Amino acid sequence: MKNEITYTEHNGLYYPDLALPEQTNHPLGKYANLRLDFMKKHRRGTYTTLLTEGRLNEYLHAIDIQAHELLDDIILRLAQERGIVEVLKAHNALQWTAEKNNIKASAEEIVLREVVYQ
């Protein structure tokens, strides 16, 4: 029977043999770790369910991929909208760097709001 619980005797007491199911072992990046911390504090039920079902690592890995893809898309779109091109980099590298950093910060705020902290 699949749901049968076995026990191990230790010093006259019987303890159930419980183990979490096998999980994937993807390395977790910045956004996955931020989501994990958020879930532990604000989405406790979802966190516990994913952990006990062995799907937490896969879920966090997917969040990390989604966040990076969205970040790249937003940065590209904002750079095109604001005219931040390689020509500017060649003529004024300092302004180009400042603009790119501004775009990245704006894009990261959107990613955090829409993917990580939802």
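Up top is the structure these notes are about.
Let me begin by describing the structure that accompanies this report. All figures in this text were calculated on a predicted structure; none of them were measured in a lab.

1. Regarding the packing of helix α1 (residues 30–42) against helix α2 (residues 44–52)
Between two packed helices, both the angle of their axes relative to each other and the distance between the axes serve to describe the pair. Two elements in contact, α1 and α2, have axes whose closest approach is 6 Å; the angle formed by their N-to-C orientations is 115 degrees. Contacts between α1 and α2 pair Leu 36, Met 39, Lys 40 and His 42 from the former with Arg 44, Thr 46, Tyr 47 and Leu 50 from the latter. Considered class by class, the residues forming the contact of α1 with α2 number four nonpolar, two polar and two charged.

2. Structural notes on the pairing of strand β1 (residues 7–10)
Examined bridge by bridge, β1 and strand β2 (residues 13–16) share four bridges and lie antiparallel to one another. In the strand pairing of β2, Glu 9 is matched with Tyr 14. The hairpin turn running from β1 into β2, its antiparallel successor, is two residues long, and Asn 11 in that turn takes a positive phi close to 55 degrees.

3. Some words on unusual backbone geometry
Positive phi outside glycine occurs at Asn 11, with the angle close to 55 degrees. Its place among the elements puts Asn 11 in the loop between β1 and β2. Judged by its relative accessible area of 71%, Asn 11 is exposed.

Criteria and cut-off values
- Residues numbered from 1 in each chain as written.
- Predicted model: local features only at pLDDT ≥ 70, side-chain atom pairs only at ≥ 80, totals over all residues.
- Heavy atoms only, no water.
- Axes fitted to C-alpha atoms, helices over the stretch in contact; angles between N-to-C directions.
- Helix = DSSP H or I, 4+ residues; strand = E, 2+ residues; numbered from the N terminus.
- Contact = heavy atoms within 4.5 Å.
- Nonpolar A, V, L, I, M, F, W, Y, C, P; charged D, E, K, R; others polar.
- Pairing = 2+ DSSP bridges.
- Buried < 20%, exposed > 50% of the residue type's maximum accessible area, 1.4 Å probe, protein only.

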